[in-house]
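# Inside the fold
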Amino acid sequence: MSAPVAARGEATGVERVFREAYGQAVATLARIFGDITLAEDAVQEAFVVASDRWRSDGIPPNPAGWIVTTARNRAIDDLRRSARGRELHEQLGALATRSHRPDTEEWEEDGPVRDDQLRLIFTCCHPALRTEHRVALTLRLLGGLSVDEVARSFLVSESAMAKRLVRAKYKIKAAKIPFRVPEEADLPDRLRSVLSVLYLIYNTGLDAPERASLRSEAIRLARALVELMPDEPEAAGLLALMLLSESRVRARTADGAVVLLRDQDRTRWDRTMIEEGQAIVRACIRRGRPGPYQLQAAIQAVHCDADSFEATDWPQIVALYDHLFSVMPTPVVALNRAIAIAEIEGPGAALASLDSIAPDLDNYHLMHAARGTMLRRLGERDAAQAAFERAAHLAATGADRRFLAQQIKELAEDGALMQRPLGGSTGSTNETRTR
Amino acid sequence: MSQYLLSTYAVEGEVPGAPRTPEEMKAFMERVVALEDEMEASGTFVFGGALHGPDATTVVRESDGKLIMTDGPFVEAKEHIAGFYIINADDLDAALAWARKVVDAINHPIEVRPFRATGRVQA
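### A few points about unusual backbone geometry
Its identity as a non-glycine residue notwithstanding, D255(A) has a phi of 50°, on the positive side. We classify D255(A) as exposed; it has 8 C-beta atoms within 10 Å. In the Ramachandran plot, N107(B) falls in the positive-phi region, its phi being about 60° despite a non-glycine side chain. By the secondary structure assignment, N107(B) is in the loop between α2 (92–106) and β6 (111–114). Judged by the 15 C-beta atoms lying within 10 Å of it, N107(B) is partly exposed.

Written as structure tokens, this is what we have:
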């Protein structure tokens, strides 16, 4: 089943409204009927009705409300007709007698739509579901992407993705995963799962140009989450982190190869996104409840503040990495900290730090790329070449491989120009994504 | 109200983390009794307990109208169910909260599986 929504890029006003309204409508219908599949089918039918009506009559003032009411009336009609439905219909009792005209504002009795979306986010990102199912459900149900669009984003066939979604929805229903915002005690863990799903969607969008739409989807969902949970600084931190990363996207590749932060054309950075991201970071600092996403966003905010690579406030960056490592002691954080160390204490100190964490990240291409960069700056060309070759072997994306091939080529040129001073033009890989 | 099976598995007859000394056994039993009392008092407990091992198992099947028995478990595997609870819970979150209490009491992983139907409870 695919949404009657045109593919990205050719979205008209009506289609854009559909996409925006889809998550809200499915969320509310899922709460009313306690069944996601029924909710999706009903919303689908309502979209068909809407696409005729709205094109002739114009888009109503509250499109999501219109869809919810129409979908609910349709679902109730369908339930009345089916045997299984008659049972459910009796259970729903009073609700079914209140089918009203979609053009009135009465839909508001269905309760606040926004809370419904929040409930559905927590259901889709429930830790009892495997990660790829959380991601697929979130994009399909909340993002309003068609099954085919979700499938293409994760390089699987439409039928494989359809099966994945069916399995995930089966588990939600069979195991009775609730539509509920978790209780206070469970909230930190459950929110972490939601945030990591959104960040995974964003990062998947960074891996290949054809998946770029995932990034805007992730930002849109993060924005919605921040509106729904304004008191959760980590949600704001994730939004800021995405915005600050997104602000530099245009500058981070050239001719299909990664461009290091050091070499990026900073005039191509998106100032509007940077300003929004930095404002969120400042608000987070005022709240004084730092967490991993806020700290990663703060690091990006410092980078975005500098007019040039050299003008970067490196001591501040290292201090923030120290703080980040204290709350998220992962080898990848240690890697990024070591890379920043190079700009204060030099490549020798950075290499020592890298070597101490190397065993944990032996299969991570950015570890070897960073070692190669430091070794090159230290003039150890053979060791640098071995490191870059290992990185290229491990790199998953074409842009990374092309960048590493460039590094190896430049190393050979270093050899030809024996007079060239060491520590030349290559930079650190501060551009690494902290996962 | 839904029902869930909370089961725990032994690997090759061993339950890692199971009590070994009499003192550990005593503390273990106290935790289990307290847990079951809590389940009982909250209307959660349906049934449960620890099972004998696969060597004590018999499989019964019918073939051409005759009853056939085989010594041993249905599945030849390293892992076997070592014990279980059947509980009443409103939804998965409630069942998971109980599963966590069971994990704390017995110090071993718990599989949570929803019932689809029983003779009394139809899907």
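### Observations concerning the domain arrangement of chain A
Residue and element names in this part refer to chain A. Along its sequence, chain A is organised into domain 1 (1–108), domain 2 (112–197), domain 3 (231–251 + 261–327) and domain 4 (330–435). Contacts between the two partners involve 18 residues from domain 1, matched on the other side by 16 residues from domain 2. Of all elements in the fold, only α1 (13–33) and α2 (36–57) reach the threshold of two or more residues within the side of domain 1 that touches domain 2. Ranked by residue count, the leading element in the side of domain 1 that touches domain 2 is α1, at ten residues.

### Notes on the confidence of the model for chain A
All names here are of chain A. Averaged over every residue, the pLDDT of chain A is 85; residues scoring 70 or more account for 86%. Confidence over residues 1–11 falls short of pLDDT 50; this stretch has 22 contacts with residues more than four positions distant or in other chains. Per-residue pLDDT stays below 50 along residues 96–112; that stretch engages in 16 contacts with residues further than four places along the chain or on separate chains.

### Points about the sheet that holds strand β1 (residues 2–11) of chain B
Residue and element names in this part refer to chain B. Strands sit in the order β2-β5-β1-β6 across an open sheet of four strands; the sheet is antiparallel. Pairing within the sheet leaves two strands with one partner each, and these edge strands are β2 (45–50) and β6. Shown here is a sheet whose adjacent strand axes are inclined to one another by a mean of 25°, direction ignored. Two strands pair when backbone bridges link them, and β1 and β6 are joined in this way by four bridges, in the antiparallel orientation. Within the sheet, the bridge partner assigned to Y4 lies in β6 and is P114. The sheet strands contacting α2 are β1, β5 (79–89) and β6, and the helix crosses β5 at an angle near 135°.

### Here's the deal with the interface of chain B and chain A
The interface of chain B with chain A comprises seven residues on the first partner and six residues on the second. A total of three residues in the side of chain B that touches chain A trace back to one element, the largest contributor, which is α2(B).

Conventions adopted
Residues numbered from 1 in each chain as written. Chains lettered and ligands numbered in written order. Predicted model: local features only at pLDDT ≥ 70, side-chain atom pairs only at ≥ 80, totals over all residues. Buried ≥ 20, exposed ≤ 12 C-beta atoms within 10 Å, placed from the backbone. Helix = DSSP H or I, 4+ residues; strand = E, 2+ residues; numbered from the N terminus. Domains from an automatic or database assignment. Contact = placed C-beta atoms within 7 Å. pLDDT = per-residue confidence, 0-100. Pairing = 2+ DSSP bridges. Axes fitted to C-alpha atoms, helices over the stretch in contact; angles between N-to-C directions.

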